[in-house]
Amino acid sequence: MMIGIVTAIVGDMAGLLGCVIGMPDEITAITLVALGTSLPDTFASKTAAMQDPNADASIGNVTGSNSVNVFLGLGLPWFIGAIYWSNNWEAQMGKWLTHRVGKKTYE
């Protein structure tokens, strides 16, 4: 329960801080909210390291947390993008082939 509360507080504070300093929501989500997802794991690892003389649980927690973050953080958007592009290939490819960058049109 405490981890959920800390995560909610960090997320809300990150949104408020981003608003105050004029940071776009996308940048806030990428940088500040990442802290909110890693901070609870840090506290859990610290607690496990303090309670276990060999810190085995702490090492397992860090390894598992980082693995989940990498595989879900990279794999899930890739999987969703692959499904999207496979279902909308013809429509999106036409737009992509005629896109403009600045004053130049690429065809």
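So, how was this worked out
- Residues numbered from 1 in each chain as written.
- Predicted model: local features only at pLDDT ≥ 70, side-chain atom pairs only at ≥ 80, totals over all residues.
- Heavy atoms only, no water.
- Axes fitted to C-alpha atoms, helices over the stretch in contact; angles between N-to-C directions.
- Helix = DSSP H or I, 4+ residues; strand = E, 2+ residues; numbered from the N terminus.
- Parallel < 35°, antiparallel > 145°, perpendicular 65-115°, else oblique.
- Contact = heavy atoms within 4.5 Å.
- Nonpolar A, V, L, I, M, F, W, Y, C, P; charged D, E, K, R; others polar.
- Patch = residues over 30% accessible without salt bridge, like charges linked within 9 Å, V, L, I, M, F, W, Y side chains within 5 Å.
- Areas by Shrake-Rupley, 256 points an atom, 1.4 Å probe, with all protein chains shown as cover.
- Salt bridge = Lys/Arg side-chain N within 4 Å of Asp/Glu carboxyl O.
- Buried < 20%, exposed > 50% of the residue type's maximum accessible area, 1.4 Å probe, protein only.
- Phe/Tyr/Trp six-rings, centres within 6.5 Å; stacked < 30°, edge-to-face > 60°.
- Expected span 1.5 Å × (residues − 1).
- Arc of directions from axis to C-beta.

Visitor: Whenever I open this one, the packing of helix α3 (residues 56-87) against helix α4 (residues 89-97) confuses me. Can you help?
Guide: When two helices pack together, their arrangement is given by the angle between the helix axes and the distance between those axes. Closest axis-to-axis distance for the α3/α4 pair is 5 Å, and the angle between their directions is 90°. Looking at the two axes, α3 sits roughly perpendicular to α4. On α4, the residues touching Tyr84, Trp85, Ser86 and Asn87 of α3 are Trp89, Gln92 and Met93. Looking at side-chain class alone, the contact of α3 with α4 contains 4 nonpolar, 3 polar and no charged residues.

Visitor: Which parts of the structure should I look at to understand a nonpolar patch on the surface?
Guide: A cluster of nonpolar side chains, Met1, Met2, Ile5, Ile9, Met13 and Leu16, forms an exposed patch at the surface whose accessible area comes to about 700 Å². Turning to its location among the elements, Ile5 is positioned in helix α1 (residues 2-21). Classification of Ile5 as partly exposed rests on a relative accessible area of 39%.

Visitor: Can you help me understand the environment of Gly64 in this one?
Guide: Relative to the helices and strands, Gly64 is located in helix α3. Overall, Gly64 belongs to the partly exposed group, its relative accessible area being 33%. When the C-alpha atoms of Gly64 and Asp41 are compared, they prove to be 10.0 Å apart, with 23 residues separating the residues in sequence.

Visitor: Teacher, can you tell me more about the packing of aromatic side chains here?
Guide: To describe a pair of aromatic rings, one takes the distance between the centres and the angle between the planes. On inspection of all chains with the given rule, the structure shows 1 aromatic pair. Relative to Trp85, the ring of Tyr84 has its centre 6.0 Å away and its plane inclined at 85°; by these criteria the two rings are edge-to-face. The class of Tyr84 is partly exposed, set by a relative accessible area of 38%. Look at Trp85 and you get partly exposed, because its relative accessible area is 36%.

Visitor: What is the right way to look at α1 in this model?
Guide: Given 3.6 residues to a turn, an α-helix orients residues that are three or four positions apart in the same direction. Relative to the 28 Å expected for 20 residues at 1.5 Å per residue, α1 spans 28 Å between its end C-alpha atoms, a close match to the ideal helical length. Within the span of α1, buried status applies to Val10, Ala14 and Gly18. Burial along α1 is one-sided: seen end-on, the buried residues are contained in an arc of 65°. Turned more than 90 degrees off the buried face of α1, the exposed positions are Met2, Asp12, Leu16, Cys19 and Val20.

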